[in-house]
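The primary structure of each chain is shown beneath.
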Amino acid sequence: MDEVLIDGNKIKKDFQRYRKVMSCIQADIPIQVLCLPKTIENILIRSGCLRVYDMIDLDFSKIKGIGPTRRILLSSRLDQFLSVSF
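Residues numbered from 1 in each chain as written. Predicted model: local features only at pLDDT ≥ 70, side-chain atom pairs only at ≥ 80, totals over all residues. Heavy atoms only, no water.

(A) Seen up close, a nonpolar patch on the surface. On the surface, a cluster of nonpolar side chains totalling about 480 Å² of accessible area is made up of F15, Y18, V21, M22 and I25. Take F15: it is sitting in helix α1 (residues 8–26). Judged by its relative accessible area of 47%, F15 falls in the partly exposed class. (Patch = residues over 30% accessible without salt bridge, like charges linked within 9 Å, V, L, I, M, F, W, Y side chains within 5 Å. Areas by Shrake-Rupley, 256 points an atom, 1.4 Å probe, with all protein chains shown as cover. Salt bridge = Lys/Arg side-chain N within 4 Å of Asp/Glu carboxyl O. Helix = DSSP H or I, 4+ residues; strand = E, 2+ residues; numbered from the N terminus. Buried < 20%, exposed > 50% of the residue type's maximum accessible area, 1.4 Å probe, protein only.)

Structure follows, in structure tokens:
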């Protein structure tokens, strides 16, 4: 019988990559699904955020026109979406 060795680190790394890919696939939808106010939507679109996955790991404080109040709303809607979809 041949001995098969399993590399736990490789499996962990592969699983993390799989989760990341699946997250991107699930978030490949228009930002309109977040039901944001039109002004915030327009600011995001001008900044190049057309899909929800564009917003993941994005620093909203670096986008002109997104102040603290809008940042809180954006983060809240994104968190709601991610918690339901993932």
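Moving on from the coordinates now.
(B) Quick peek at unusual backbone geometry. For C35, which is not glycine, the phi torsion reads 55° and is therefore positive. Locating C35 in the fold gives a position in the loop between α1 and α2 (38–46).

(C) Structural context of the nonpolar core. Within the largest apolar cluster, 16 residues are counted, with the highest numbers of intra-cluster contacts made by L34, L44, M55, F60, I66 and L74. Secondary structure elements with two or more residues in this core: α2, α3 (52–55) and α4 (68–85). Ignoring sequence-local partners within four residues, the contact set of I66 consists of I40, I43, F60, R71 and L74. (Core = buried A, V, L, I, M, F, W, Y, C linked by side-chain atoms within 4.5 Å. Contact = heavy atoms within 4.5 Å.)

(D) Inspection of α2 at higher detail. Of all the residues in α2, the buried ones are I40, E41, I43 and L44. Along the long axis of α2, the arc covered by the buried residues comes to 165°, so they all point the same way. For α2, the exposed residues set more than 90 degrees away from the buried face come down to K38 and R46. With its phi angle positive at about 95°, G48 sits one or two positions after the end of α2. (Arc of directions from axis to C-beta.)

(E) Representation of α1. Look at α1: 27 Å from first C-alpha to last across 19 residues, which is about the 27 Å you get at 1.5 Å a residue. Residue D7 occupies the N-cap position of α1, its side-chain oxygen lying 3.2 Å from the main-chain nitrogen of N9. (Expected span 1.5 Å × (residues − 1). Polar contact = N/O pair within 3.5 Å; in protein donor to acceptor, adjacent residues only side chain to side chain.)

Just distances and angles here, no functional claims.
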